[in-house]
Each structure stands twice: as structure tokens, then as C-alpha cells.
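So the chains spell out like this:
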Amino acid sequence: MKNSEVADILYGIADMLEMQNIQFKPNAYRKAARSVEESSHDVNEIYQSKGKAGLKDKFSGVGNAISEKIEEFLTTGKLRYYEELKKKFPKHISELMEISSLGPKRIKLLHEKLKISNVKQLEAAARKHKIAKLATLGKKTEEEILKGIEMFKRGQERMFLGHALPIALEIENKIKKFKDVEASSICGSIRRRKETIGDIDILASSAKPDKVMSFFTKLPGVKRVLAKGSTKASVLLKNDLQIDLRVVESSSYGAALQYFTGSKEHNIAVRELAIRKKLKINEYGVYKGKKKIAGKTEKEVYKKLGMDYVEPELRENRGEIEASLKRKLPNIVSCNNIKGDFHAHTKFSDGSDSIEEMVAAAKKLGYEYIAITDHSKSLRVAHGLSEQKMLEHIKKIKVIDKKTKGIKVLAGSEIEILPNGELDYSDSLLKKFDIVVGAVHSRFKSSKEEMTSRILTALENPYIDILAHPTGRRIGKREPYEVDLKKVFEKAAKNKVYLEINSHPERTDLNDINAFEAKKHGCKFVIDTDAHSTSGLDYINLGVAIARRAWLTQKDIVNTSSAKQLSKLFKRIK
DNA sequence: GCCGTTTTCGGCCCGACTGTTTTCAGTCG
């Protein structure tokens, strides 16, 4: 049973309780659901080892009643309480909850008056204008519901951070340049660098919010204005991406930045902390009674609450608030700490640029070293190199290294970890590489036992330096393969094999939660781009973002070391 | 249903926008 399945049931209970007009319980269930969903602890493992007490201890918002329900669900696969509730409500209730502009109250009304229990019936009723005739709903609401259905059918897939970030920057840049805007920033999940994002949030400060609102809602590319008030507006772009803009005056800019960056869980916890300190916090500032005592900068907002500044990537209510209060937040790694890249391809396998071009691009980024790591022979789809060709390739890389000034060029390969756990080249060839990057690209559907033993065997190989993209996932395309990560982390730490955080927008693998967990086992990391062209090297910021979200510091990341230090970190680099 | 540096009982994050209401409920983030 996965954490997400437990969370889904708790969310479902919350929705049904809300429809019965029950106070407070829905939020209690949602809080518990979120904490299970977002946790790095496996709910099953916690229950197996520490029972109900463990559940209460590890998941905030889980108390006696909810821990018992989780226990029942984990041990029997069913939850009687949930089944009983479901009898009273439409079967596809969760489906209806996903329609924008519909919440528990309206769903209950629609179910009672029109016997609507799924999206299909909802659409039919709307088209026949039955909804507009209901008390408290009307023509406009009916239209909104139809638009919501349209969006639902298209599927509101979340977008990769790597794809959303440039779009967000472009829009934010236009807003920043508008004459009545004093300051602006991207907020929300993009500022926190979540791996996927749902919409783009932008904050601006201005003394003339109305003008900014008009400018924003008339930007080229806007398909539809979803909402427009005096300080807040939402638009839908032609590519169906939603952008929310909030405008405040400069004395509130910091408080608004804090509020609008989230996460929701972080903000709720911060506000609860404020209440305990007899303060009030909202998007305009921190208040003691009626007096505003902070708001201009984020730093002073946190300071008034007795906290150190919290980097946006840490704001997920995963312990950062407690750490901040104790002055124990980590000094997380940043892009300018990165001194090189250990994973890059050229046109000798499946890349599109030459070795020289990749090296020049790395040099331009200010790197001290780059490893050229084309694919090994078994990965035929990526034109993996035969032993003979790889030997020539290594020679070529060494020649280029000699004649290139200002950057060290390392000879490496992304080598297949074969199904039996062996590496794809003979030992006599392996010993010629500066860097050996091991990776799995086949038989993704193997059992957990097979995959785990395959990778553990590879981690025992004396030549492997780095384990690339350790879970093999492609966001939205391929689920991570089944593998016992705990065992992988233990072995990698013991044998000093570095775990890769892959910066490719569709991979970002390890993810933040895995990396956080791996550090606890004593693992060290490399942040690589897996670039297949010179422009691919620029994605390093996405890998760094994961590392930051995983609380990793410069010390945890091997490629923050200078070129001179590499001989101490790798067996075959002199 | 959860939780505690005011509390083991009595609170529970907070404000903007929309529609349909003539004073506010529902939804959203």
C-alpha cells in the first residue's frame, strides 16, 4: 500500500464529511492526508516497525482515530468507515471535485436536486440548462461548470518545471518592465522549484494596481480572463497555462512574497506559529494587535516570528520551520557552487554536438572540468560504442584534454548495468576511463528483487564511480522501476559510489524526497545534466533545485569540488 | 479529529473574487 493510496482515502473522507456540513473534521482529515502524501517515510514501513504509535509520531495531524483507520486500511485493504460514507454519496464524487468551480456544497446540491453523480450527467444537465434553474446557482455558474468540464476532459496535466520556468520568466519580465510596476517576482511552486507545476504565480508591487491589472489581462497570448479584481487576476494563456497575478503596495511586498510562494502547508504552519506568538500574519504584513510590525521584506517577516530566513525550496513543512527556529537550517548548495559536469553525450553516441563543442560550452559556463560519457555497446538505440570504437573515442578525448586550456576533459562512459548486474565493457577497457557512470536502461519491468540485486551487484563493481538516474523514471512517461532504494543507498554509501541527481527536465531523478533520504544513509551526490547537446548543459539549475529541496549542502555534492580535488574523490583520476 | 511555551477543552489560516444574495455563500489558493 502506497502513501498516495492512504492519502487518497483520507482526502475522500474529508470531501464526504464536508458535504455533510460537518465542521473541522474535513480539515483534520486533509491535514493528515497531506502529511502522509508529502512524507518521505513509507507509511507501510512505519506501521510494520512501530505500529499505530509510529504513525502518530511520524505523520503530523494523525492522531488516535486516524491512525486506527490507517491501520485497518493497511491490514485489510479496506476501510469500513469509508465504505459506509461512500454509500451516501455519488460514486464518482472525487471526479466531480476536480471540476473547477465545483466544491462539496454544490456537488451535494446537484446530487440532491438533479441526481447528478458523475461528470457525464453533470455535462448533460448543464447543456439542458437545468443547473441555471437551481436556487443559488445561475446562468454564469452553469457556463463556468461547462468550462470546467472542458478543462477536466483535456486533463489538467502538470507541466515540467523545466518547461514552465522559461515561460514564467518571460511573462514576469514583461510585467517587471511595465512602467507602474516597482518590483516583481515569480512565486508559487515555480519559486519553490517543485518538479512539476500547475500554474504560474506572479507578484508585483505598484501604487497603481488597476493599471497593472489591465496591462496583465491584455498581454499577448492571453486566451481568457478567468478573474479580474483590483489586486488579483487570473488568465488562461493560449497554451492553456494559467497565470495568477497579485499586486500589493511596496510596504507589503515581502509579506505577499512569503504568502504567495507557499507552500500552503508551510504557510499554515507559519500562521499557526504567529498565533502562538500572539501575532497575526497575512499577505500584507505581520501584525501585533492592529499595528503592522513587518511586511516590506521576507526576511523581516520571518525575523519577527523568531525565524531565520527560509529558502523557498525548503518551504514544504518538512521540518524547516522547527530547524529555522533552532537556527539549524542547512546552508543549501547553489548553482555557482557547481564546478563541472560528469555526464554528457556527444554525436559519437546519441548526442548532437562534438566533443570540442561540448567542452567549449562547459568552459563558457565557467566549469573546471567536464566528463564526456557516451553510451556503451549494449544500448543500441542510442548508438552505444563498441569496445574498439570506445578505445578510439577515449584516445580522442585525451588528445582534446591535452590541447584544451582552462578546463579538464575527462574520459568516461555511461555504461549499461546489464540484467545480471555486470557492466557492459571488459575490465581491461573499464580501467582506461577516468569516470564510469553506471545506468539501467532495460528490463524496467523486472521484479523489485531482480532490479535491486542487479543494481547492488553493479555497486560492488570496483570500476563504477557514479550511479546515474537511480530510479529510471521519466516524468509523465515512465514510472520509476521497482527497486529497494534503502538497500541501494546503504550499498552506495558503503562503497563510495556517488548517486546522480539528473538535471534533465523529464528525469530529475533522484527526486527531492529520495535524495533527502539518501543523505540520511550517508550518500554523496553528483548533479549532472545528462546533456545531449551544448544547450542541455544549461539544465544544471534544475538538478541544483532538487538538491536544494533535498536540503543538500555544498559538502554533499561532489562536483562542487575544484578540478584539483578530483584525484582524491575518484579512483582513476590523477 | 487534532492539539497544547496561554489550553487536556476549546479552539481550528486567511483573504480575494464571483455570482446571485440584497448582505453573503462558495470556491480558490
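About the criteria used
Residues numbered from 1 in each chain as written. Chains lettered and ligands numbered in written order. Predicted model: local features only at pLDDT ≥ 70, side-chain atom pairs only at ≥ 80, totals over all residues. Heavy atoms only, no water. Pairing = 2+ DSSP bridges. Helix = DSSP H or I, 4+ residues; strand = E, 2+ residues; numbered from the N terminus. Axes fitted to C-alpha atoms, helices over the stretch in contact; angles between N-to-C directions. Buried < 20%, exposed > 50% of the residue type's maximum accessible area, 1.4 Å probe, protein only. Contact = heavy atoms within 4.5 Å. Near = heavy atom within 4 Å. Polar contact = N/O pair within 3.5 Å; in protein donor to acceptor, adjacent residues only side chain to side chain. Right-handed = clockwise from strand over helix to strand, strands pointing away.

Attention shifts here to the sheet that holds strand β6 (residues 232–237). The 5 strands lie next to each other as β2-β4-β7-β6-β5, forming an open sheet whose pairing is mixed. Each having just a single partner strand, β2 (183–186) and β5 (222–228) make up the two edges of the open sheet. Neighbour-to-neighbour, the strand axes of the sheet open up by a mean angle of 20 degrees, direction not taken into account. Here strand β4 (residues 200–205) pairs with strand β7 (residues 242–248) via 6 bridges, running parallel. Directly across from Asp201, in β7, lies its bridge partner Asp244.

In this section: the environment of Leu161. Within the secondary structure, Leu161 is located in helix α10 (residues 161–177). For Leu161, a relative accessible area of 5% gives the class buried. With sequence-adjacent residues up to four places away left out, Leu161 is seen in contact with Pro166, Ile190, Arg193, Lys194, Glu195, Thr196, Ile197 and Leu542.

It is worth spelling out the protein's contact with DNA strand B at this point. Residues in close proximity to DNA strand B total 43 residues, the closest being Gly63, Ser101, Gly138, Arg271 and Tyr284. Among all atoms of DNA strand B positioned within 4 Å of the protein, those belonging to sugar or phosphate total 77%. The separation between a phosphate oxygen of DNA strand B and a polar side-chain atom of Asn282 is 3.2 Å. Tyr284 is positioned with one of its side-chain polar atoms (N or O) 2.6 Å from a phosphate oxygen of DNA strand B. At the level of secondary structure, the elements contributing two or more residues to the surface near DNA strand B comprise α2 (25–38), α4 (64–76), α7 (104–114), α9 (139–154), β5, α14 (264–276) and β8 (280–282). If you tally residues by element for the surface near DNA strand B, the top one is α14, at 6 residues.

Here strand β13 (residues 408–416) lies mainly inside the structure; 8 of its 9 residues are buried. Where strand β12 (residues 369–375) lies against β13, 7 bridges are found, and the strand directions are parallel. Bridge pairing in β13 places Ile370 opposite Val409. Traced from β12 through helix α18 (residues 387–403) to β13, the parallel crossover comes out right-handed.

In this structure, Ser206 sits in the loop between β4 and α12 (209–217). By relative accessible area, Ser206 is classed as buried at 3%. Side-chain polar atoms of Ser206 contact the backbone nitrogen of Lys208, separated by 2.9 Å. Excluding residues within four positions of it along the chain, Ser206 makes contact with Asp180, Val181, Glu182, Val212, Val247, Val248 and Glu249.

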